[in-house]
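Residue-level listing of the chains:
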Amino acid sequence: LPSSPSVRQGRAWWFPATVAAADVLAVVREAGGALLAGADVFDVYAGEERTSLAIRMEFRAGDRTLTDEEVAQRRAKIDAAVAERLGGEPRG
């Protein structure tokens, strides 16, 4: 078992219908860096032109408890990468 607790958060984005969930996860994992311990899809809503994907993310540092600011900074990097590389827009 890990000695430091993790922070779990969910985030949902709208994407063009042609964007694959695997591509979203790849971008999230890359942008999440070393602090992102895991990411998986937990909800999909497919419309005609857009698809909403919700991703569960788990952040953890092996040597300490993460601060809210550290997690917020990492989430901002993930949001920016998803928007820039895949055209994702935050949902709600």
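The rules behind each value
Residues numbered from 1 in each chain as written. Predicted model: local features only at pLDDT ≥ 70, side-chain atom pairs only at ≥ 80, totals over all residues. Heavy atoms only, no water. Helix = DSSP H or I, 4+ residues; strand = E, 2+ residues; numbered from the N terminus. Buried < 20%, exposed > 50% of the residue type's maximum accessible area, 1.4 Å probe, protein only. Contact = heavy atoms within 4.5 Å. Expected span 1.5 Å × (residues − 1). Arc of directions from axis to C-beta.

*Asks:* Kindly report on the overall build of the protein chain, identifying the contributing residues and their values.
*Replies:* For the protein chain, the helix and strand inventory stands at 2 helices and 4 strands. If you list the helices and strands of the protein chain from N to C, you get β-α-β-β-α-β. Seen through its C-alpha atoms, the protein chain measures out along the principal axes to roughly 45 × 25 × 20 Å. Across the 92 residues of the protein chain, 37% fall into the buried class. In the protein chain, the proportion of contacts linking residues at least 24 apart, taken out of those at least 6 apart, comes to 68%.

*Asks:* Which residues make up helix 2 (residues 68–86), and what are the values?
*Replies:* Helix length check: helix 2, at 19 residues, gives a terminal C-alpha distance of 26 Å against a target of 27 Å (1.5 Å per residue), a fit within 8%. Listed in full, the buried residues belonging to helix 2 are Val71, Arg74, Ile78, Asp79, Ala81, Val82 and Leu86. One side of helix 2 holds all its buried residues, which, seen down the axis, span an arc of 165°. In helix 2, the exposed positions angled more than 90 degrees off the buried face are occupied by Glu69 and Glu84. The secondary structure elements touched by the buried residues of helix 2 are strand 1 (7–16), helix 1 (21–32) and strand 3 (50–59). Positive backbone phi, at 75°, marks glycine 87, one or two positions downstream of helix 2.

*Asks:* Could you give an account of helix 1, with specific residues and numbers?
*Replies:* Side chains three or four residues apart in an α-helix point the same way, a direct result of the helix having 3.6 residues per turn. Counted at 1.5 Å a residue, the expected span for helix 1 with its 12 residues is 16 Å, and the 16 Å between its end C-alpha atoms agrees. Packing partners of the buried residues in helix 1 comprise strand 1, strand 2 (36–46), strand 3 and helix 2.

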